[in-house]
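One letter stands for each residue in the lines below.
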Amino acid sequence: MRAIRFAPGEVELLDQTKLPHETVWEKFTSADEVAAAIRDMKVRGAPAIGAAAAFGLAAEARRLQGDSQLREKLLEAAKRLRSARPTAVNLAQALDEMLSVLTQTGDDALADALYAKAVAIADADVATNRRIGAFGADVIGQHGGHILTHCNTGSLATVEYGTALGVIRALHERGTLRHVYVDETRPYLQGARLTAYELAEEGIPFDIITDSTAGYAMAQGWVDAVVVGADRIARNGDTANKIGTYTLAVLAQYHGIPFYVAAPTTTLDLATATGRDIPIEERHANEVTHMFGRPIAPIGASARHLAFDVTPGALITGIITECGVAKPPYIESLAEMAGRHGA
Ligand SMILES: CSC[C@H]1O[C@H](OP(=O)(O)O)[C@H](O)[C@@H]1O
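What counts, and where the lines are drawn
Residues numbered from 1 in each chain as written. Predicted model: local features only at pLDDT ≥ 70, side-chain atom pairs only at ≥ 80, totals over all residues. Heavy atoms only, no water. UniProt positions renumbered as here; feature names shortened; annotations may be inferred. Helix = DSSP H or I, 4+ residues; strand = E, 2+ residues; numbered from the N terminus. Contact = heavy atoms within 4.5 Å. Buried < 20%, exposed > 50% of the residue type's maximum accessible area, 1.4 Å probe, protein only. Axes fitted to C-alpha atoms, helices over the stretch in contact; angles between N-to-C directions. Parallel < 35°, antiparallel > 145°, perpendicular 65-115°, else oblique. Nonpolar A, V, L, I, M, F, W, Y, C, P; charged D, E, K, R; others polar. Salt bridge = Lys/Arg side-chain N within 4 Å of Asp/Glu carboxyl O.

Per an unreviewed UniProt entry, the protein carries the name Methylthioribose-1-phosphate isomerase and comes from Alicyclobacillus sacchari. Under the Catalytic activity (unreviewed entry) heading, UniProt states for the protein: "5-(methylsulfanyl)-alpha-D-ribose 1-phosphate = 5-(methylsulfanyl)-D-ribulose 1-phosphate". Taken directly from UniProt, the Sequence similarities (unreviewed entry) text for the protein runs: "Belongs to the EIF-2B alpha/beta/delta subunits family. MtnA subfamily."

A word on the UniProt feature "binding site: substrate" (unreviewed entry) in the protein. In the UniProt entry, the feature "binding site: substrate" (unreviewed entry) is given for Arg44, Gly45, Ala46, Arg85, Gln190, Asn241 and Lys242. Residue placement: Arg85 occurs in the loop between helix 3 (70–82) and helix 4 (89–99). Discounting chain neighbours no more than four positions away, the residues touching Arg85 are Ile38, Arg39, Met41, Arg44, Leu91, Lys242, Glu281, Arg283 and Phe308. Examined against the element boundaries, Lys242 turns out to sit in strand 9 (residues 239–242). Looking at Lys242, the relative accessible area reads 8%, which means it is buried. Ignoring sequence-local partners within four residues, the contact set of Lys242 consists of Arg85, His150, Cys151, Thr185, Gln190, Asp231, Ala307, Phe308 and Asp309.

Let us look at the UniProt feature "site: Transition state stabilizer" (unreviewed entry) in the protein. Sequence positions flagged by UniProt for "site: Transition state stabilizer" (unreviewed entry) are, in local numbering, Cys151. Residue placement: Cys151 occurs in the loop between strand 4 (146–149) and helix 6 (164–174). Using a relative accessible area of 7% as the deciding quantity, one classes Cys151 as buried. Apart from the residues lying within four places of it in its own chain, the contact partners of Cys151 are Arg44, Asp183, Thr185, Gln190, Gly191, Thr195 and Lys242.

Right, let's get into the packing of helix 3 against helix 5 (residues 107–140). With their axes 11 Å apart at the nearest point, helix 3 and helix 5 run at an angle of 30 degrees to one another. On the basis of their axis angle, the class for helix 3 and helix 5 is roughly parallel. Across the interface between the two elements, Leu70, Arg71 and Leu74 of helix 3 pack against Asp107, Leu110 and Leu114 of helix 5. When the residues that make up the contact of helix 3 with helix 5 are grouped by side-chain class, the tally is four nonpolar, no polar and two charged.

Right, let's talk about the pattern of salt bridges for a bit. Applying the stated criterion across every chain, the model contains 22 salt bridges. The partner of Glu10 in a salt bridge is Lys27, and the shortest N-O contact between them spans 3.5 Å. Remark: Lys27 occurs in strand 3 (residues 25–28) and Glu10 occurs in strand 2 (residues 10–14); sequence separation between them is 17 residues. When its relative accessible area of 47% is taken as the criterion, Lys27 is described as partly exposed. The closest approach of N and O atoms between Arg169 and Glu202, which form a salt bridge, is 2.7 Å. Of the two residues, Arg169 sits in helix 6 while Glu202 sits in the loop between helix 7 (190–201) and strand 6 (206–209), which places them 33 residues apart along the sequence. A relative accessible area of 4% means that Arg169 is categorised as buried. Taking the relative accessible area as the measure of exposure, Glu202 reaches 36% and is therefore partly exposed. Three or more residues are tied together by salt bridges with common partners; here these are Arg85, Glu281, Arg283 and Glu287.

Below is the structure:
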C-alpha cells in the first residue's frame, strides 16, 4: 500500500481525511498546494510529510523553470512548506536535503535534480522502514505477540511499510504476532480510521480500543509490549509523538510493560537538548469539538487540541531505528545511531 505517487512535476496524495470509506487521490503541481495538503492533514505522518514536501518543492522547480528568480522563489517556497507543521522534524530534514541540491546544480538541470533527490528520499524511507521492522521484531518479539500501538505509523504515515506499524508487520510476517490493540487516537482518529484500514487490508488481527481503554487493557494482561512512532526525538531521548503517547508510557511503566519508540534516524534532532525545546503543534479547537464537521460539544464550547505530547526518555525502553535499537543512556546511544546513518 502507498499513499503517495509521483512523477516529474507532480505528486499525487491519497486524501487521508476521507479514509477509510472513500479512496480519493489528489494531484498537486506546486509547493503551496502540497503545503496546504500537509496543513490540512490530507497527508500526515512525519516521514510522509517530509517526502510530500520534497516532491512539492521538486514540482515547484519545474513549474518555475526559466524564471529569472527561480532560486529565490524556491527558497521562499521551502520556507512555506517547512512552516506547514512545526513538530515533525522529518519535514525540515527533507527540505534541507532538497535545498542542498541548489548549491550543486545549475538552473537548467535544477528541476530534474530536485526530482531525483525527492525520489531518493522516498526510496530511502522504504528501505529504512524495513530495517526498522526487522530490528523491532527482533527486540519486541522477545516480549510476546500482543502489541498495543497508538495513532498511525504505517504506509499512510511513511512512503511505505511504516515505522511502529512496520515492526508489527515484521512480527506478522515472522508469524510471531498474536494481536494488535489499536488506540483509536482521538480526535483525528488515525488509529480507528487509518491503522485499522491498513491492518484489515492485510488480515492482521486487531481490535480498536478507545484511548481510555489502554490502561485497563494493560491491567488485564492483554498487552506484552507497546510500540509507537515519533515526530521528533531530542538528544536525551525525550520523544514528541501523537497526543496520548505520554499517557501510554506512564501506564506502561506502572504495569511493567516494555514501551518502544520506532523511528528513522531522520527523526532524531540532536540539536535539540530535551523535550522541553520541541515545538508542539496546537491545532484548531473545532477538531476536538466537532467530528466530521458535526458538533459533538455545545456550540461555542472552548477546547484545546494539542496534536503532540512529549514522552521523557526515562519512560522509553528502547528506540528502534534502521541502524539498530538505542537503549538508555540515550545521549550516547542516539549519537551513535546518528553516526551510523548512511554509514
Ligand atoms: C511514522 S511517524 C507517524 C507519526 O505522525 C503522527 O502524527 P500526525 O498523524 O499528526 O502526522 C503520529 O505522531 C505518528 O506517530
